[in-house]
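Working through the structure, step by step
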Amino acid sequence: MSTKPPEGDRIAKVIARAGIASRREAERLIEAGRVTVNGVRITRAALNVTPADKVVVDGRALDAPEPARLWLYHKPTGLVTTNRDEQGRATIYDDLPEDLPRVMSVGRLDLNSEGLLLLTNDGTLKRKLELPSTGWLRRYRVRVNGRPTDATFDPLRKGITVNGERFQGMMVTLDRQQGANAWITVSIREGKNREIRRAMEAVGLSVNRLIRVSYGPFQLGQLKPGEVEEIRPRVLRDQLGMPQEAEVEKTGKPARPTRPKPQRRRRTT
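Residues numbered from 1 in each chain as written. Predicted model: local features only at pLDDT ≥ 70, side-chain atom pairs only at ≥ 80, totals over all residues. Heavy atoms only, no water.

**Some points on the pattern of salt bridges**
This model, assessed by the stated rule, comprises 13 salt bridges. Its salt-bridge partner being Lys126, residue Glu130 comes within 2.9 Å of it at the nearest N-O pair. Of this pair, Glu130 and Lys126 both sit in helix H4 (residues 123-130), four residues apart, which is roughly one turn of that helix. Judged by its relative accessible area of 17%, Lys126 falls in the buried class. Several salt bridges converge on common partners, so that one network encompasses Asp150, Asp154 and Arg157. (Salt bridge = Lys/Arg side-chain N within 4 Å of Asp/Glu carboxyl O. Helix = DSSP H or I, 4+ residues; strand = E, 2+ residues; numbered from the N terminus. Buried < 20%, exposed > 50% of the residue type's maximum accessible area, 1.4 Å probe, protein only.)

The structure is reproduced here in structure tokens:
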């Protein structure tokens, strides 16, 4: 009996790489009978395909996968990080430029949080950036109501359990007191659901503003709310070990390893 693994890649991964859907969304498309392989409709994602196979989604053949791309987006407050919201609230996709290709968010920022959100067209890259094993720091500027001292944050630095959920130790710096509020800088590596807000509540503080200013090596910088900026291919390759072919931009000119060039900005009215 052969133990040789099947050739090719899982079909959901191939669909995600083509930029049509995330891997999880691709699995749902398959289960709904909206995908055919070589003319045969499939309903299970446990299938490997190769470039020789013809994969069709909703009647349209898959194009060759686009190179992985990454954008910085300054998410404003009041937007939900999702494709659709059951409560009818505005989403980040209502705010993004119309000429931006289909993108997925790397992690989330909740409704009332703002700042840096990474966007990508590639499901594999999205998962890689979200993995806790990546170990990248996510840094936030946080305004809390109260008059904390530096010692207030000692439990958070050691790691804290909130409602049975363990949070790793945080890096917390008290920056300044501003009236009834204090500004602090918080750095975390996991980014669990509402982690900073819940941790601050545990030490008696209420967060009334939260701005993510960096995600690993990527910085919010001077990006204004609603603006989008693409990471240069060379920078993406250097930071993430992406394939060599991503080094040359569509113009055919080598990309300079400098600050990412502004690529697309939200239209103002």
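**Some words on the pairing of strand S7 (residues 70-75)**
In terms of residue burial, S7 counts as a mostly covered element, since six of its six residues are buried. By the bridge criterion, six bridges tie S7 to strand S9 (residues 114-120) in an arrangement that is antiparallel. Within S9, the residue paired with Tyr73 across the bridge is Leu117. Judged from the three bridges that link them, S7 and strand S17 (residues 228-230) form a sheet pairing that is antiparallel. (Pairing = 2+ DSSP bridges.)

**Focus on the nonpolar core**
Counting 32 residues, the largest nonpolar core has Leu119, Val142, Leu156, Val186 and Met200 as its most contacted members. Those elements giving two or more residues to this core turn out to be S7, S9, strand S10 (138-145), strand S11 (160-162), strand S14 (181-188), helix H6 (195-202) and strand S15 (206-215). A total of four residues in this core trace back to one element, the largest contributor, which is S14. (Core = buried A, V, L, I, M, F, W, Y, C linked by side-chain atoms within 4.5 Å.)

**What to know about the packing of aromatic side chains**
Two descriptors summarise a pair of aromatic rings, namely the distance from one centre to the other and the angle between the planes of the rings. Scanning the entire structure with this criterion turns up one aromatic pair. Ring geometry for Trp136 against Phe218: centres 6.0 Å apart, planes inclined by 80°, an arrangement best described as edge-to-face. In this pair, Trp136 sits in the loop between H4 and S10 while Phe218 sits in strand S16 (residues 218-219), placing the two residues 82 residues apart along the sequence. (Phe/Tyr/Trp six-rings, centres within 6.5 Å; stacked < 30°, edge-to-face > 60°.)

**Some words on the environment of Arg237**
In this structure, Arg237 sits in helix H7 (residues 233-240). The sequence separation of Arg237 and Ala68 amounts to 169 residues, and the corresponding C-alpha distance is 9.9 Å.

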